[in-house]
Amino acid sequence: MSFIEMIEPVIDHSLTIANNRASVGDVAHGLIAAVKRVRAAVEEVGGYTMVSILEGAIRDRLIIRGLRAARSGERELPATLPVPGPRALVTETIMVAAAETCLIYGADEPDVTGLLYTAFMLVDRLIEALHAAPTVDDLLACLRADDVHDAVVPVDEMAPVFASVH
């Protein structure tokens with residue numbers, strides 16, 4: 001069995017476990033965390049250029065999906081990325097472990113084809129979980145955030161900061 005043939009069963013098995021333990025929203029967060037892990041690995045291997053290629057490929061995949069739907073007369077509203085729930089950390093752990101398994105399998109490969117395929121498989125499963133595709137901008141913003149704490153906090157939600165002047 002080749003590396004590429006192992007990606008789908010690893011992801012799907014882990015996704016089954018996650019689906020049995022959490023809500024759709026929490027599973028979506030787990031899938032996003034897994035794509036972020038693959039993106040980080042692509043960046044480690046190929047730097048900014050490879051990350052740009054990965055993000056462009058994800059963008060193209062979502063655009064092509066939208067065009068296919070439009071051609072068949074379907075009008076799909078973009079999926080809203082849900083707020084993390086109480087089981088989001090569990091699903092993130094499960095799905096990131098699946099992504100890391102795929103990274104380990106692909107460590108001996110001469111190129112990043114397997115990493116790109118892993119990212120595509122995870123994005124496809126995200127779309128299936130949400131029953132629609134998120135917007136390209138929303139998904140890429142999630143992938144670019146270093147972690148949950150780096151998310152943009154609206155000004156009215158910021159905690160006051162007190163300073164003393166001596």
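A brief look at the structure comes next. (Residues numbered from 1 in each chain as written. Predicted model: local features only at pLDDT ≥ 70, side-chain atom pairs only at ≥ 80, totals over all residues. Heavy atoms only, no water.)

### Remarks on the layout of surface pockets
Moving on, step 1. Computed from the structure, the second largest pocket encloses a volume of approximately 250 Å³.
Moving on, step 2. For the lining of the second largest pocket, the element with the highest residue contribution is helix H2 (residues 24–71), accounting for 6 residues.
Moving on, step 3. Class assignment of the residues belonging to the lining of the second largest pocket gives a composition of 8 nonpolar, 2 polar and 4 charged. (1 Å grid on protein atoms, 1.4 Å probe; cavity = no way out; pocket = protein on both sides within 12 Å on 5 of 7 lines; lining within 4 Å. Points joined across faces, edges and corners; volume = space filled by probe spheres on them. Helix = DSSP H or I, 4+ residues; strand = E, 2+ residues; numbered from the N terminus. Nonpolar A, V, L, I, M, F, W, Y, C, P; charged D, E, K, R; others polar.)

### Remarks on helix H5 (residues 136–144)
Moving on, step 1. Buried within H5 are the following residues: Val136, Leu139, Leu140 and Leu143. Take H5 and look down its axis: the buried residues cluster within an arc of 95 degrees, on one side only.
Moving on, step 2. Packing partners of the buried residues in H5 comprise H2 and helix H4 (113–130). (Buried < 20%, exposed > 50% of the residue type's maximum accessible area, 1.4 Å probe, protein only. Arc of directions from axis to C-beta. Contact = heavy atoms within 4.5 Å.)

### Thoughts on the nonpolar core
Note on soluble globular proteins: their nonpolar side chains tend to be buried together.
Moving on, step 1. Counting residues in each nonpolar core, the largest one holds 48 residues, and the members touching the most others are Leu31, Ile58, Leu62, Met95, Leu122 and Leu139.
Moving on, step 2. Looking at this core, the elements with two or more residues in it are helix H1 (3–21), H2, helix H3 (88–105), H4 and H5.
Moving on, step 3. If one sorts the elements of this core by residue count, H2 sits on top with 15 residues.
Moving on, step 4. Not counting residues up to four positions away in its chain, the partners in contact with methionine 95 are Ile11, Ser14, Leu15, Ala18, Gly30, Leu31, Ala34 and Leu122. (Core = buried A, V, L, I, M, F, W, Y, C linked by side-chain atoms within 4.5 Å.)

### Focus: the side chain of arginine 125
Moving on, step 1. Along the chain, arginine 125 turns up in helix H4.
Moving on, step 2. We classify arginine 125 as buried; its relative accessible area is 10%.
Moving on, step 3. Setting aside its immediate chain neighbours within four residues, arginine 125 contacts Glu8, Ile11, Asp12, Leu15 and Leu31.

### A look at the pattern of salt bridges
Moving on, step 1. Under the definition given, this model contains 8 salt bridges.
Moving on, step 2. Across the pair arginine 125 and glutamate 8 runs a salt bridge, and its minimum N-O distance is 2.9 Å. With arginine 125 in helix H4 and glutamate 8 in helix H1, the pair connects residues that are 117 residues apart, well separated along the chain.
Moving on, step 3. Ionic pairing is found between arginine 125 and aspartate 12, a salt bridge with its closest N-O pair at 2.7 Å. A residue pair is termed long-range when its members are at least 10 positions apart, and arginine 125 in helix H4 and aspartate 12 in helix H1 qualify at 113 residues. (Salt bridge = Lys/Arg side-chain N within 4 Å of Asp/Glu carboxyl O.)

### Focus: H4
The periodicity of an α-helix, 3.6 residues per turn, causes residues three or four places apart in sequence to face the same way.
Moving on, step 1. Under the 1.5 Å per step criterion, the end-to-end length of H4 is 26 Å for 18 residues, consistent within 8% with the ideal 26 Å.
Moving on, step 2. Along H4, 14 of the 18 residues are buried, which leaves the element largely enclosed by surrounding structure.
Moving on, step 3. Positive backbone phi, at 65 degrees, marks histidine 131, one or two positions downstream of H4. (Expected span 1.5 Å × (residues − 1).)

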